[in-house]
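One letter stands for each residue in the lines below.
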Amino acid sequence: MIHKLYTRLLAAAGATLIAAALFAPAATAQEPAPGFERFAGCPSPEENPDIVICMRTVIDGGHFKMGSKEVPIVNPITLSGGTNFITGALEYNSKGGLEPVKQPIPGGLVGLTGLDWLVNFLNLEQLKVYAVTELAGEPSSPLEEPVTMPIKVRLINPALGNNCYVGSNSNPIVLNLTTKTTNPPPPNEPITGVEPEFVFDEEAGLIFLNNGVFVDNEFAAPGATGCKLNVLGLPLLNIDALINAQSGLPSPAGTNETVQTWDGEAAEAITVYP
């Protein structure tokens, strides 16, 4: 369903784009039209004339499991940008991309490192660890499945330094999100997502995709890198191996899983930037 919707949208938006180029003066607006401010992450015609559809996807629940660690998605994450008519990729400006949202990691710093003695030197707030998902490459459009999304996960706690990551730009975690059924290697078993409900508001010029569920349990996850223990002014100690041992990383395909509930909305770029 999403693939057919994507094809129809691109065809309609492409025709509109061609007509606009032939019969309208060059666009000058750099800001979205009133009522479309939330699409500001979508490149304007001046930034990229090949963008035909602006979109936002809000991931508002689910979980992300790598190795032995499972992190619930408790704080909504927004992915915004626009679909390139030529490449089909999702592109975005400085206001778009994947919003850097902190998700608390159960077990905190002690659970992540196995260092029980840390509770004697750090308070409860200092023991908390957060995961922030960042893009590690160019994602594909959320309107065509599977949605390919290369990511890296930053582990945030003052005691871990500023560059503690699982995954990197050169060695990303590559998700292939789908609303259909997966085909993972064992020991994982197939899981199935949910296609969103489609609502078209012709008067507003908006398409809504509600109550979708993306799934993927076929991806692999690399080990943690750049994690250095910084407590009580002691010399920085690399603890990548500790974190990997506690978290079961690196973890091969068939041992990881993500389930993401989401809502989305889209509009033609010429509507957002008339």
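The structure we're discussing is the one just above.
Keep in mind that this is a model prediction, so the values were computed, not measured. (Residues numbered from 1 in each chain as written. Predicted model: local features only at pLDDT ≥ 70, side-chain atom pairs only at ≥ 80, totals over all residues. Heavy atoms only, no water.)

Participant: Is there a simple way to explain the overall build of the protein chain in this structure?
Facilitator: Within the protein chain, the secondary structure is distributed over 4 helices and 16 strands. By residue count, 49% of the 274 residues in the protein chain fall in the buried class. Sequence separation of 24 or more characterises 69% of the internal contacts of the protein chain that already satisfy a separation of 6 or more. Counting every atom, the protein chain has about 12800 Å² of accessible surface; 58% of that belongs to carbon and sulfur. (Helix = DSSP H or I, 4+ residues; strand = E, 2+ residues; numbered from the N terminus. Buried < 20%, exposed > 50% of the residue type's maximum accessible area, 1.4 Å probe, protein only. Contact = heavy atoms within 4.5 Å. Areas by Shrake-Rupley, 256 points an atom, 1.4 Å probe, with all protein chains shown as cover.)

Participant: It is not clear to me how the environment of Met66 should be interpreted in this structure. Could you clarify?
Facilitator: Turning to its location among the elements, Met66 is positioned in strand E1 (residues 51–66). Judged by relative accessible area, Met66 falls into the buried class, the value being 10%. Remark: the alpha-carbon pair of Met66 and Gly223, spanning 157 residues in sequence, is separated by 9.9 Å.

Participant: Help me out: how do you make sense of the pairing of strand E2 (residues 69–72) in this one?
Facilitator: A regular strand carries its side chains on alternate faces of the sheet. Note that E1 and E2 share 4 bridges and pair antiparallel. For Met66, the partnering residue across the bridge sits in E2 and is Lys69. In textbook terms, the turn of a hairpin is the stretch between consecutive antiparallel strands, and for E1 and E2 this stretch comprises 2 residues, one of which, Gly67, has a positive phi near 60°. (Pairing = 2+ DSSP bridges.)

Participant: Could you clarify how one ought to interpret the packing of aromatic side chains in this entry?
Facilitator: To describe a pair of aromatic rings, you give the distance between the ring centres and the angle between the ring planes. The full count for this structure, using the stated rule, is 4 aromatic pairs. Between Phe36 and Phe39 the ring centres are 6.2 Å apart and the planes differ by 35°, which places this aromatic pair in the tilted class. Here Lys102 stacks its cationic end above the ring of Tyr130, 5.2 Å away from the centre of that ring. Looking at Lys152, its charged tip hangs above the ring of Tyr165, at a distance of 5.3 Å from the centre. (Phe/Tyr/Trp six-rings, centres within 6.5 Å; stacked < 30°, edge-to-face > 60°. Lys NZ or Arg CZ within 6 Å of the ring centre and 35° of its normal.)

Participant: Would you mind showing me how to read the pattern of salt bridges here?
Facilitator: Oppositely charged side chains can form a pair if their charged atoms are brought close together. Going through the model one piece at a time under the given rule, you end up with 5 salt bridges. Here Arg38 and Glu265 are joined by a salt bridge, their closest N and O atoms 2.8 Å apart. Here the residue Arg38 occupies a position in the loop between helix H1 (2–23) and E1, and Glu265 occupies one in strand E16 (residues 257–268), the gap between them amounting to 227 residues. Of the residues examined, Arg38 reaches a relative accessible area of 33% and is grouped as partly exposed. For Glu265, a relative accessible area of 9% puts it in the buried group. Put simply, Lys180 and Glu145 hold a salt bridge, and the shortest N to O gap is 3.4 Å. With Lys180 in the loop between strand E10 (173–177) and strand E11 (197–201) and Glu145 in the loop between strand E7 (130–135) and strand E8 (147–156), this residue pair connects regions lying 35 residues apart in the sequence. (Salt bridge = Lys/Arg side-chain N within 4 Å of Asp/Glu carboxyl O.)

Participant: Would you mind showing me how to read the side chain of Thr179 here?
Facilitator: Within the element layout of this structure, Thr179 appears in the loop between E10 and E11. A polar contact of 2.6 Å, which involves the side chain of Thr179, links it to the side chain of Glu145. (Polar contact = N/O pair within 3.5 Å; in protein donor to acceptor, adjacent residues only side chain to side chain.)

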